[in-house]
Amino acid sequence: MSDDGQKKEKLIRSKEQWAREGRLLTGKAGDRERDRLPPGQRLVTTWPVLDLGIQPHIPTDKWTLTIDGLVENPVVWRWDDFMAQPQVEDVSDIHCVTQWSRYDNRWNGVSTRHILAVVRPLPEVRHVILHSYDGYTTNVTLEHFSDEDCLVAHTHDGQLISREHGGPARLVIPKFYFWKSAKWIRRIEFSDVDKPGFWEVRGYHNEGDPWNEDRYSS
Ligand SMILES: Nc1nc2c(c(=O)[nH]1)N[C@H]1C(S)=C(S)[C@@H](COP(=O)(O)O)O[C@H]1N2
Ligand SMILES: [Mo]
């Protein structure tokens with residue numbers, strides 16, 4: 001195995017171990033109305049980079065976003081198609097399961113509500129599976145995906161999202177731990193069945209609500 005491959009395996013093993021041991025759990029209940037900072041989190045002003053060590057480079061002229069599965073109108077957007085969709089701005093907080101939180105991130109992009117209006121999921125859809133260019137996947141419920149603060153973002157705090165942070169485009173699902181916010185998004189799949197993603201099959205919680213401290217599955 002390559003050095004990078006070994007580093008990645010080591011990182012994955014240690015996260016799985018954390019999940020088994022329930023590391024970082026405070027056992028305190030949060031209250032999203034009362035506390036801006038969820039239990040066990042600490043505020044940072046930097047923006048850490050977390051991924052599997054592969055940061056795919058997708059030039060915008062090669063980039064496509066496929067939105068399909070159980071929908072009436074599947075689409076494949078090239079970059080220009082994506083940028084021609086109605087644009088939104090949303091300011092939200094990031095909460096990473098590794099305990100850092102970052103306030104007031106200003107995101108620009110295409111809202112998930114607009115995506116729903118374009119593709120029209122069939123009535124049996126309950127889950128949304130996010131597929132990325134690095135092979136990463138993650139799953140969210142249709143309900144969580146449809147929240148008004150969710151978007152496929154190309155810009156963060158006024159600058160195009162850098163490659164390390166998931167550019168040219170990434171999901172932002174602010175109310176859940178940041179592992180749900182897929183970087184380098186390639187495909188959005190609407191499904192009637194749940195398909196736990198990369199971290200969800202390795203011991204992370206299926207929903208990941210920071211105010212419930214949904215870090216791990218057990
Ligand atoms: N495609 C992809 N998306 C991903 C990841 C990844 O490895 N690949 N890591 C997740 C995790 S665990 C976190 S905490 C955030 C980190 O985003 P950042 O590097 O922009 O802070 O991306 C999430 N999205
Ligand atoms: Mo993470």
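Read on for a plain summary of the structure. (Residues numbered from 1 in each chain as written. Chains lettered and ligands numbered in written order. Predicted model: local features only at pLDDT ≥ 70, side-chain atom pairs only at ≥ 80, totals over all residues. Heavy atoms only, no water.)

## Section: the overall build of the protein
The helix and strand inventory of the protein stands at 4 helices and 11 strands. The C-alpha atoms of the protein give a radius of gyration of 17 Å, which matches the 17 Å a tight globule of 218 residues would have. Buried positions account for 53% of the 218 residues belonging to the protein. Nonlocal contacts in the protein, meaning residues at least 24 apart in sequence, comprise 71% of its contacts between residues at least 6 apart. (Helix = DSSP H or I, 4+ residues; strand = E, 2+ residues; numbered from the N terminus. Rg over C-alpha atoms; globule rule 2.2 N^0.38 Å. Buried < 20%, exposed > 50% of the residue type's maximum accessible area, 1.4 Å probe, protein only. Contact = heavy atoms within 4.5 Å.)

## Some thoughts on the site of ligand 1
Close to ligand 1 lie 20 residues, the nearest being Pro48, Asp134, His165, Arg170 and Lys183. The separation between an oxygen atom of ligand 1 and a polar side-chain atom of Trp47 is 3.1 Å. Between ligand 1 and His165, the relevant distance is 2.7 Å, taken from an oxygen atom to a side-chain nitrogen or oxygen of the residue. Protein burial of ligand 1: of its 530 Å² of free accessible surface, 98% is covered by the chains. (Near = heavy atom within 4 Å. Polar contact = N/O pair within 3.5 Å; in protein donor to acceptor, adjacent residues only side chain to side chain. Areas by Shrake-Rupley, 256 points an atom, 1.4 Å probe, with all protein chains shown as cover.)

## Points about the layout of surface pockets
For the largest pocket, the calculated volume is near 160 Å³. As for the largest pocket, its lining consists of Ser2, Asp4, Gly5, Lys7, Lys8, Leu11, Asp51, Leu52, Gly53 and Ile54. For the lining of the largest pocket, a count of residues per class yields 3 nonpolar, 3 polar and 4 charged. (1 Å grid on protein atoms, 1.4 Å probe; cavity = no way out; pocket = protein on both sides within 12 Å on 5 of 7 lines; lining within 4 Å. Points joined across faces, edges and corners; volume = space filled by probe spheres on them. Nonpolar A, V, L, I, M, F, W, Y, C, P; charged D, E, K, R; others polar.)

## Focus on the packing of aromatic side chains
One pass over the structure, following the stated rule, counts 13 aromatic pairs. Aromatic pair Trp179 and Tyr204: ring centres 4.8 Å apart, planes at 75 degrees, arrangement edge-to-face. Separated by 25 residues along the polypeptide, Trp179 in the loop between strand E10 (170-172) and strand E11 (185-191) and Tyr204 in the segment after E11 bring together distant segments of the chain. A connected cluster of aromatic rings, assembled from ring pairs, spans Tyr136, Tyr177, Trp179, Phe198, Trp199, Tyr204 and Tyr216. Between the NZ or CZ atom of Arg36 and the centre of the ring of Tyr103, over which it lies, the distance is 3.9 Å. The ring of Phe198 has Arg202 sitting right over it, with the charged end atom 3.8 Å from the ring centre. (Phe/Tyr/Trp six-rings, centres within 6.5 Å; stacked < 30°, edge-to-face > 60°. Lys NZ or Arg CZ within 6 Å of the ring centre and 35° of its normal.)

## Considerations on empty space enclosed by the protein
For the coordinates displayed, the defined rule picks out 2 cavities of 30 Å³ or more. There is about 340 Å³ of room inside the largest cavity. Looking at the lining of the largest cavity residue by residue, the classes come out as 16 nonpolar, 3 polar and 5 charged. Looking at the second largest cavity, its volume works out to about 30 Å³. Lining the second largest cavity we find Ser92, Asp93, Ile94, His95, Trp107, Val172, Pro174, Phe176 and Phe178. When residues in the lining of the second largest cavity are grouped by element, the largest group, 4 residues, is from strand E4 (residues 88-95). Looking at side-chain class alone, the lining of the second largest cavity contains 6 nonpolar, 2 polar and 1 charged residues.

## Quick word on helix H3 (residues 112-119)
Most of H3 is tucked away: 6 of the 8 residues are buried. Looking at H3, one finds that the buried residues are Thr112, His114, Ile115, Leu116, Val118 and Val119. In the stretch just after H3, Arg120 is the one whose phi turns positive, near 55 degrees.

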